Amino acid sequence: QVQLVESGGGLVQAGGSLRLSCASSGRTFLNYHMGWFRQTSGQEREFVAAIIWATSATYYGDSVQGRFTISRDSAKKTVYLQMDNLNPEDTAVYFCALGPRRSIVVDPRAAGEYQFWGQGTQVTVSS
């Protein structure tokens, strides 16, 4: 079993920054990817960012490209999401996720490729 715990969410004004953290524990996989998704009330889950653990290759959703940065700390088994230049459209519940990586063909931008999810952390950006 894998447990994911997000932290760092909160209220920030437009143009500000937040840094989210996701600490993982439990079962360890040799190859996996971790990512961030967000969801606004009444809408579908949206891909935000992902990282391939073994190579540190990163992926970003179009709406956050250039503003958000995903990174990881292998020793702490933690992934981070640095969010800069936030705008009200970024307001959502942000979820951390982890998926075993069975093939290099797997697309880490797809929610279906993640098996473990955190409980989410609220990010609210005021105008």
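Trainee: How do you make sense of the nonpolar core when you look at a structure like this?
Mentor: Grouped burial of nonpolar side chains is what soluble globular proteins tend to show. Among the nonpolar cores identified, the biggest contains 29 residues, and M34, W36, V79, L81, M83 and Y94 are the most heavily contacted of them. With four residues, the top contributor of residues to this core is strand 9 (residues 92-100). Listed in part, the six residues of the second largest apolar core include F37, F47, A50 and A97.

Trainee: Could you clarify how one ought to interpret the packing of aromatic side chains in this entry?
Mentor: Each aromatic ring pair is specified by the distance between its two centres and by the angle formed by the two planes. This model, assessed by the stated rule, comprises six aromatic pairs. An aromatic cluster of at least three residues, connected via ring pairs, comprises F37, F47, Y114 and W117. Over the ring of W53 we find R72; its NZ or CZ atom is 5.8 Å from the centre of that ring.

Trainee: Just to check I follow, could you spell out unusual backbone geometry for this structure?
Mentor: Note: most peptide bonds trans; most residues except glycine with negative phi. The backbone of K77 shows a phi angle near 50°, a positive value even though the residue is not glycine. The residue K77 is located in the loop between strand 7 (68-73) and strand 8 (78-83) in this model. Even without glycine at this site, N85 takes up a positive phi of about 50°. Structurally, N85 can be placed in the loop between strand 8 and strand 9.

So, how was this worked out
Throughout this description, residue numbers start from 1 for each chain and increase along the sequence as written. This being a predicted model, a pLDDT of at least 70 is required before a residue's local features are given, and a value of 80 or more before pairs of side-chain atoms are given or counted; all residues contribute to the totals for chains, interfaces and linings. Side-chain descriptors were evaluated using all non-hydrogen atoms of the structure, hydrogens and water having been removed beforehand. Among buried residues, the Ala, Val, Leu, Ile, Met, Phe, Trp, Tyr and Cys ones that are joined through side-chain atoms within 4.5 Å form a nonpolar core. Any residue under 20% of the maximum accessible area for its type is buried, any over 50% is exposed, and the rest in between are partly exposed; the area is computed with a 1.4 Å probe on protein chains only. Labels follow the DSSP assignment, with helices taken as runs of H or I lasting at least four residues and strands as runs of E lasting at least two, numbered in each case from the N terminus. Ring geometry is summarised as follows: Phe, Tyr and Trp rings, the Trp one being its six-membered ring, pair when their centres sit within 6.5 Å, and such pairs are stacked at plane angles under 30 degrees, edge-to-face over 60 and tilted between the two. Charges are assigned to positions over rings by a cutoff of 6 Å between ring centre and Lys NZ or Arg CZ, combined with an angular limit of 35 degrees from the ring normal.

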